[in-house]
Amino acid sequence: MADGRAVLMALERMKQSHLTLHHAVARRLKINSIDAEAIAHLIADEPLAQEVLRARLLISKSAMTALVDRLVRDDFLVRHANPADRRSTLLTVSERARHGWENGMRRVFDTMDPVAAALGPDAAAVVAEFLDRITDLQLKLADDVMRHRSEAGE
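Scoring rules and cut-offs
Residues numbered from 1 in each chain as written. Predicted model: local features only at pLDDT ≥ 70, side-chain atom pairs only at ≥ 80, totals over all residues. Heavy atoms only, no water. Buried < 20%, exposed > 50% of the residue type's maximum accessible area, 1.4 Å probe, protein only. Helix = DSSP H or I, 4+ residues; strand = E, 2+ residues; numbered from the N terminus. Arc of directions from axis to C-beta. Contact = heavy atoms within 4.5 Å. Core = buried A, V, L, I, M, F, W, Y, C linked by side-chain atoms within 4.5 Å. Bend = angle between axes of the 7 residues up to and from the residue. UniProt positions renumbered as here; feature names shortened; annotations may be inferred. Salt bridge = Lys/Arg side-chain N within 4 Å of Asp/Glu carboxyl O.

- An unreviewed UniProt entry lists the protein chain under the name DNA-binding MarR family transcriptional regulator, with Catenuloplanes niger as the source organism.

In structure tokens:
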């Protein structure tokens, strides 16, 4: 039976394999990895305010402006006025980006679905809860790291 450390090591291997897959999808879409990461965040949680997406990507304001300009120009993102805040911009993915992403991810999901289905409902609920908790912790840790970095003047 695996202990907690073995579970975390398996999770780390999974995260690394996900990064490799993420880079492969980016190459297929002919975009760089940070652009693909932005699209993935938007696919998961759109619309997002540009500033929220920038915080998730951990990039500077100027890098974010360049990224959004490039992805809008290449028809991957769409800018929208934010009805709740006229000073901010909401971002969504374009139909082109959604289609490309779904085509790329369809094979991934088709391949992984049998593995997830084999868990059964009880085990699937435990795994989903574990992954959600780990995700929340990682996002909090990233925020803490960036806050500490900002406070240190880096």
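**Describing helix 3 (residues 50-57)**
Phase 1 of the analysis: Within helix 3 the residues assigned to the buried category are Q50, L53, R54 and L57. An end-on view of helix 3 places all buried positions within 105° of arc, on one side of the element.
Phase 2 of the analysis: Looking at the packing, one finds that the buried side of helix 3 touches helix 2 (33-45), strand 1 (48-49), helix 4 (61-73) and strand 3 (89-93).
Phase 3 of the analysis: With its phi angle positive at about 60°, L58 sits one or two positions after the end of helix 3.

**Observations concerning the nonpolar core**
Phase 1 of the analysis: Grouped together as the largest cluster of nonpolar side chains are 24 residues, with contacts concentrated most on L53, M64 and L67.
Phase 2 of the analysis: Elements with a contribution of two residues or more to this core: helix 1 (4-29), helix 2, helix 3, helix 4, strand 3 and helix 5 (95-117).
Phase 3 of the analysis: Each residue touching M64, except ones within four places of it in the same chain, is listed here: Q50, L53, R54, L57, I59 and L91.

**Overview of helix 5**
Phase 1 of the analysis: At T111, helix 5 shows its largest kink, close to 30°, and the proline P114 lies no more than four residues downstream.
Phase 2 of the analysis: Along helix 5, the positions that sit buried rather than exposed are A97, R98, G100, W101, M105 and V108.
Phase 3 of the analysis: Along its buried surface, helix 5 packs onto helix 1, helix 2 and strand 3.

**Re the UniProt feature "domain: HTH marR-type" (unreviewed entry) in the protein chain**
Phase 1 of the analysis: Cross-referencing UniProt, the feature "domain: HTH marR-type" (unreviewed entry) maps to residues 4-136 in the present numbering.
Phase 2 of the analysis: The span residues 4-136 carries 75% helix and 9% strand; its end-to-end C-alpha distance comes to 18 Å.

**Quick word on the pattern of salt bridges**
Phase 1 of the analysis: As enumerated under the stated definition, the model contains eleven salt bridges in all.
Phase 2 of the analysis: In this structure, D74 and R73 form a salt bridge, with 3.1 Å as the shortest nitrogen-oxygen distance.
Phase 3 of the analysis: Judged by its relative accessible area of 29%, D74 is partly exposed.
Phase 4 of the analysis: On the basis of relative accessibility, which here comes to 61%, the residue R73 falls in the exposed class.
Phase 5 of the analysis: Between R133 and E129 there is a salt bridge whose closest N-O contact spans 3.9 Å. In this pair, R133 and E129 are both assigned in helix 6 (residues 120-151), four residues apart and thus about one turn of the helix distant.
Phase 6 of the analysis: What emerges from the salt-bridge pattern is a single network uniting E46, E95 and R98.

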